[in-house]
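# Fold and contact review
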Amino acid sequence: MVEPVERPSTAGQRLSAPESFGVSTLEPGLRPPAQPPGRLVSIRVQMLDDTQEVFQISQRSTGKYLLDLICVHLNLTEGDYFGLEYQDHRKMMVWLDLLKPALKQIRRPRNTILRFVVKFFPPDHTQLMEELTRYLFALQVKRDLACGHLVCNDTSAALMVSHIIQSEIGDFDETQSWQHLLHNKYLPDQDAIRDKIMDCHRKHAGQTPAESDYQLLEIARRLEMYGIRLHPAKDREGTKLNLSVAHTGVLVFQGYLKINAFNWSRIRKLSFKRKRFLIKLRADPAQNAHHDTLEFAMASRDCCKIFWKICVEYHAFFRLFEEPKPKPKPILFTRGSSFRFSGRTQKQIIDYVKDSEVKKIPFERKHSKILSNSGVPSQSSSFRSQMPRESAISIPLADQTDSTRISELNGSQQIPVTNNNGFHDFLAPSKPPNHHGNGSAPDQHLLNPGSPGSEESPLGSPRVAVNGTAPENGQDDNIIHGSNPQSPDARQLSPLTSPLLTDAGYVRNEDEEEARRKFPTDKAYFIAKELLTTERTYLKDLQVVTESFQNAVANDETFSNSVKNLILANYEPVYKFHEGFLKELEQRLAQWEGRSNAHIKGDYQRIGDILLKNLQGLRQLTVHLQKHSECLVELEKLCRSVRKVDALCREFEQQRVCYLPFNVFLLRPLHRLLHYKLILERLCKHYPPTHEDFRDCRAALAEISEMVLQLQGTMMKMENFQKLLELRKDLTSIDNLAVPGREFIRLGCLSKLSGKGLQQRMFFLFSDCLVYTSRGMTAANQFKVHGQLPLYGMTIRESEEEWGVPHSFTLFGQRQSVVVAASCASEMERWVEDIRMAIDLAVQSSATPSDLLPTSPTDNKLSGEGGPEHESEEELSGSRTSLERQGHRGNTTVHVCWHRNTSVSMVDFSVAVENQLSGNLLRKFKNSNGWQKLWVVFTNFSLFFYKSHQDDYPLASLPLLGYSVTVPSESENIHKDYVFKLHFKSHVYYFRSESEYTFERWMEVIRSATCSSSRSVTRKDLY
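Fair warning: this is a prediction, and the values are worked out from it, not measured in the lab. (Residues numbered from 1 in each chain as written. Predicted model: local features only at pLDDT ≥ 70, side-chain atom pairs only at ≥ 80, totals over all residues. Heavy atoms only, no water.)

## Remarks on a negative patch on the surface
Inclusion rule: Residues enter patches when they are more than 30% accessible in relative terms and free of salt bridges; like-charged ones are connected within 9 Å and nonpolar ones (Val, Leu, Ile, Met, Phe, Trp, Tyr) within 5 Å. In this description, accessible areas are obtained by the Shrake-Rupley approach with a 1.4 Å probe, and a residue is regarded as covered only by the protein chains that are shown. Criterion for a salt bridge: a side-chain nitrogen of Lys or Arg within 4 Å of a carboxyl oxygen of Asp or Glu. His is not counted, nor are the chain ends, whereas Lys and Arg count as positive and Asp and Glu as negative. Taken as the charge location is NZ of Lys, CZ of Arg, CG of Asp or CD of Glu. Strands here are runs of E lasting at least two residues and helices are runs of H or I lasting at least four, both read from the DSSP assignment and numbered beginning at the N terminus. The buried label goes to any residue with under 20% of its type's maximum accessible area, the exposed label to any with over 50%, and the partly exposed label to all in between, with areas taken from a 1.4 Å probe on protein chains only.
On the surface, Glu798, Glu800, Glu801, Glu829 and Glu833 cluster together into a patch of negative charge. Looking at the negative patch, the elements that each hand over two or more residues are helix H24 (800-803) and helix H25 (825-844). You can see glutamate 800 is positioned in helix H24. According to the relative accessible area criterion, glutamate 800 is partly exposed, its value standing at 41%.

Shown next as structure tokens:
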């Protein structure tokens, strides 16, 4: 028998991978171009894990051929994010041009080492489809940290290093972690923050290497210096600056501080002339400006050309749909450079991964001492037995997470949303599923992958391996893509995420969705899921009081210890109770979805028993709930008596974690009782009396109804008190708005008729007076009081015919008459109805004119009896100030009403308190192709967007007052189920929910914010 000739093996073959057909950067999915004839030359390439590989290329081979060869060697599908850089004869780091022969660029190949590094940094690492790609990006971040390129504060640095250590040595062990930090250098000044690194590492128990990579990139992408390569330059005044390029455009840094940014949409042309780098901007139509040209001086013409080339490539990669075509060669003369971007654009990469069925190849991680099961098929024992021992020292690749396998089976893709307006650029999808949660409920074999072991890679000098001929077929495909449902390494996915909302931004076919719907479809399941999602948001809100606020006032000597202890003593027990309640809910939902033993599955498709047990326990905390109103009152007294405490509280409200007025967080426990009651009412209405869960739900409803009835009076008083306190911050010259007996009724915009015509005014209707204001020029954008009308003795008359102004009516007071006009007939009806009701209340009460709002003398002059109102130009310009100029309080309900010319009543606020909702939604913009998964919280007439429910603060918010909510029409081509549309003027957003029940709930709560309630519904009716 003749033995076969032994061929040199590649890294992919040593890992038992089938023959790879490679990925061409110009023609995706095809075999790399044939090597041109000619003498072979060895090229050394240093990989991101510090190993070195030697590749044989022809003298005529282009840079693209060498990059393709490396991608085939790594089994890397998304190779276009990477590039090859080297030091040329001028001692400058340059990128290898993919269109030119490699050896014409590398003059001394024997003495030159090319570096395989990340070239294009996307705005969000979730746009990287392959786990291998994310692993290589994590290695790039690790290298940038070590060499000092990724500059950040100590906290971020320590957190990133802790994730790197977690991926390398696993869970925290004090001795092992200390020794590892002593022998490895991750930061230039690592010793100074070694203790902080270890404290962070201690918190990552149970985190796999793939999850550590994800968390590392999640932190890194938020840093200002992420993916930034600085190019020294000077401006026209000779000031030393640094230029850089990113996915958004050209950036200008002074040191490590970004001082300016020019988006691609603003840039008309980039060019260079000798040492000068020129940026030509488009004219701004709003300012009638001419074309502007910015000039920067660089060290040499070569420096200009190097930076110009990378700018051209970044623009093409992130902004173009496909690779630019080459320009035709001129016959006689040439003008300008013929350089162009070569390779697939980001959109082409995403489309390719979506359309092709690229097989996922398992890999190992260099320096990792732990076993990883995230990227391995389930027939692990068979795979491990056939894998040679040498694979431990082959080139390290990355793990493949559950989300990658699920995406592979679905043929799904992730679409980045590109929008240069507002916060939409950075609202990225939430993290992929990990073994703790946030995953979907796919087929059972996807929940239980096997996990082959990985040998520990030796540490030392870089290893050089020779890349030979194409690898032979290794193991059978079934070994790579098999499954083992009985694997002991089963991972439970979160009950939060259904298959529709798995992996944000992924687009699935509807047939695939139907085939994958394995989760419960009973309405009771989705009601229970709503309980879970809102409980998570509620617990985060409690953390604002028990942790964030306590930390903010802990070291302040002026803050009374008695008030501090009062708040902590009455909120900490409630937080601890609900923390345990949330854990029980998460466990029950996981069991309900069938991720438990099959023989007991049916016993856990209910929620009433947990609610009954915990609501009975919550009854024991009633004494603390009754004290919450006292906490609010005492805090207000302290703020009024100590100015420094008031400033401290206002400063805390400016923190991102305090996304609502702080007083709202203090009332959250009372509001939560209403939510429990409404959820139980829906469950009892859904269940037939014979259902096994009906009895527990009915008993729990009786418990919570009694608690709500007991606390109803306190709840109504505190809501009114909190609203008066909030309005006081929006008004100037108000001494004390929250006086006994005064109730807030409505606020909103009306046009007041004066000597200069109709002028926009913000009106505030209370139970004893009507106040009208305009937006002032203060730092906090507060509203300046122009006049106040006592309601006692007031009459109201419609006067549209008298003044010729649509929707107008006249208010006749004892000393003054005012003509106002509403924006529409429905607004006029609401105001007239509420004012008449307030007049009746003023007549019935014992209020006297002395109870009116005290204002400064200046304000009283503005409200002369019956005379026309005169304003300065400064005041008028102040009232037209745009939202962009507002400070922190620019997004309050008062300001939203001002800019959207609408009104809100106290009944609307009470309805909004009841209709709070949380959960995952897929969001799509009007002109985008993909859907993003976001954690969305509806409260206070706004949608707040998070990447995941674990985030401490929202990334952005969308006030809904003035919006309309509808279902998309056929002409909009939204061929998906459970989609609703939000529309205001030219702003259009589409949101997609996971089921019919959640779709109806989101429509219901959003309509409550966009449609004002009738006065026929009283506040008492709401309870």
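## What about the pairing of strand S22 (residues 817-821)?
Threshold: When DSSP finds two or more bridges between two strands, those strands count as paired.
For S22, the tally of buried residues reaches four of five residues, placing the bulk of the element in the interior. Pairing analysis gives two bridges linking strand S16 (residues 744-754) to S22, with the strands arranged antiparallel. If you follow lysine 752 over to S22, its bridge partner there is valine 820. Alignment of strand S21 (residues 808-812) against S22, held across five bridges, turns out to be antiparallel. Looking across to S22, one finds that phenylalanine 812 is bridged to serine 817. What sits between S21 and S22 in their antiparallel hairpin is a turn of four residues.

## Here we look at helix H9 (residues 301-319)
Filter applied, for reference: Multiplying 1.5 Å by the residue count of a helix minus one yields the expected span of that helix.
Look at H9: 27 Å from first C-alpha to last across 19 residues, which is about the 27 Å you get at 1.5 Å a residue. Inspection of H9 places Cys304, Ile306, Phe307, Trp308, Ile310, Cys311, Glu313, Tyr314, Ala316, Phe317 and Phe318 among the buried residues, and these make up the whole buried set.

## As for the sheet that holds strand S25 (residues 932-939)
Either a parallel or an antiparallel arrangement is found when strands of a sheet pair, and the pairing is made through backbone hydrogen bonds. Put simply, the test is: Angles run from 0 to 180 degrees between N-to-C directions of axes, and those axes are lines fitted to C-alpha atoms, restricted for helices to the stretch in contact.
As summarised here, the arrangement of the seven strands in space is S27-S26-S25-S24-S30-S29-S28, forming an open sheet in which the pairing is antiparallel. In this open sheet, the two edge strands, each paired with only one partner strand, are strand S27 (956-959) and strand S28 (964-966). Taking the axes of each pair of neighbouring strands and ignoring which way they run, one obtains an average angle of 35 degrees across the sheet. Bridging between S28 and strand S29 (residues 979-984) involves three bridges; their strand directions are antiparallel. Counted as the bridge partner of threonine 966 is lysine 981 from S29.

## A word on the environment of isoleucine 197
Test applied: Contacts are assigned to residue pairs with any non-hydrogen atoms lying within 4.5 Å of each other.
Within the element layout of this structure, isoleucine 197 appears in helix H7 (residues 194-201). In the structure, isoleucine 197 is positioned 40 residues away from alanine 157 in sequence and 8.3 Å away in space, judged by C-alpha atoms. Excluding residues within four positions of it along the chain, isoleucine 197 makes contact with Ala158, Val161, Ser162, Ile165, Leu181, Leu187 and Gln190.

## Some words on helix H23 (residues 694-730)
Along an α-helix, residues three or four apart share an orientation, since each turn contains 3.6 residues. Note the following rule: Consider a residue and the seven residues that end there alongside the seven that start there; fitting an axis to each set, the bend is the angle between those axes.
With 37 residues, H23 extends just 47 Å between its outermost C-alpha atoms, more than 12% less than the 54 Å of an ideal straight helix rising 1.5 Å per residue. Along H23, the sharpest change in direction is near 55 degrees and occurs at leucine 711.

## Concerning the state of the cysteines
Going by this rule: By disulfide we mean two sulfur atoms from cysteines, separated by a distance within 2.5 Å.
Evaluation of the coordinates by the stated rule reveals zero disulfides. Between cysteine 684, a cysteine without a disulfide, and cysteine 697, which holds the nearest cysteine sulfur, the sulfur-to-sulfur distance is 5.3 Å. Cysteine 684 gets classed as buried once you look at its relative accessible area, which sits at 15%.

## Notes on the pairing of strand S6 (residues 231-234)
Burial along S6 is one-sided: the residues His231 and Ala233 are buried and none of Pro232 and Lys234 is. Across four bridges, the pairing between S6 and strand S7 (residues 240-245) is antiparallel. Within the sheet, the bridge partner assigned to lysine 234 lies in S7 and is lysine 240. Here S6 folds back onto S7, and the loop between the two strands holds five residues, one of which, glycine 238, carries a positive phi near 85 degrees.

## Focus: the packing of aromatic side chains
Defined as follows: Side-chain rings of Phe, Tyr and Trp (the six-membered ring for Trp) are treated as a pair once their centres are within 6.5 Å; stacked means planes under 30 degrees apart, edge-to-face means over 60, and tilted covers the remaining angles. Only when the NZ of Lys or the CZ of Arg is both within 6 Å of the ring centre and within 35 degrees of the ring normal is a charge said to sit over the ring.
With the rule as written, the count across this model stands at 34 aromatic pairs. Measuring from ring centre to ring centre gives 5.9 Å for phenylalanine 121 and phenylalanine 137, while their planes differ by 80 degrees; the resulting arrangement is edge-to-face. Separated by 16 residues along the polypeptide, phenylalanine 121 in the loop between strand S5 (113-118) and helix H4 (131-147) and phenylalanine 137 in helix H4 bring together distant segments of the chain. The pair phenylalanine 121 / phenylalanine 137 is uniform in exposure class, with both members buried. On the basis of an interplanar angle of 70 degrees and a centroid distance of 6.0 Å, the ring pair of tyrosine 525 and tryptophan 592 is categorised as edge-to-face. With tyrosine 525 in helix H16 (residues 523-553) and tryptophan 592 in helix H17 (residues 561-592), the pair connects residues that are 67 residues apart, well separated along the chain. Comparing tyrosine 525 with tryptophan 592, the two get one shared label, buried. Taken together, the aromatic side chains of Tyr81, Phe82, Phe116, Phe120, Phe121, Phe137, Tyr226, Tyr314, Phe317 and Phe318 make up a single cluster linked through ring pairs. Here the basic side chain of lysine 723 rests over the ring of phenylalanine 909, its NZ or CZ set 3.6 Å away from the ring centre. Directly above the ring of phenylalanine 945 sits arginine 923, whose terminal nitrogen or CZ lies 5.5 Å from the centroid.

## Description of the side chain of threonine 893
Tracing the chain through its elements places threonine 893 in helix H28 (residues 893-900). Residue classification places threonine 893 among the buried positions, given a relative accessible area of 6%. Beyond its immediate chain neighbours, meaning those up to four positions away, threonine 893 contacts Val904, Phe909, Asn940, Phe941 and Leu961.

## Some points on the nonpolar core
Basically, it comes down to this: By nonpolar core we mean a set of buried residues, namely Ala, Val, Leu, Ile, Met, Phe, Trp, Tyr and Cys, connected to one another through side-chain atoms within 4.5 Å.
By size, the foremost hydrophobic cluster in this structure holds 129 residues, and its most contacted members are Ile607, Leu683, Leu943, Leu982 and Trp1002. Sequence-distant contacts of tryptophan 1002, that is, excluding residues within four places in its chain, are made with Leu917, Ser918, Gly919, Leu921, Val936, Phe938, Leu943, Phe980 and Ser993.

## Quick word on the environment of phenylalanine 577
Here phenylalanine 577 lies in helix H17. Taking the C-alpha atoms as reference points, phenylalanine 577 and leucine 621, separated by 44 residues in sequence, lie 9.0 Å from one another. Those residues within four positions of phenylalanine 577 in sequence are excluded, and the remaining contacts are Asn614, Gly617, Leu618 and Leu621.

All we've got here are geometric facts, nothing functional implied.
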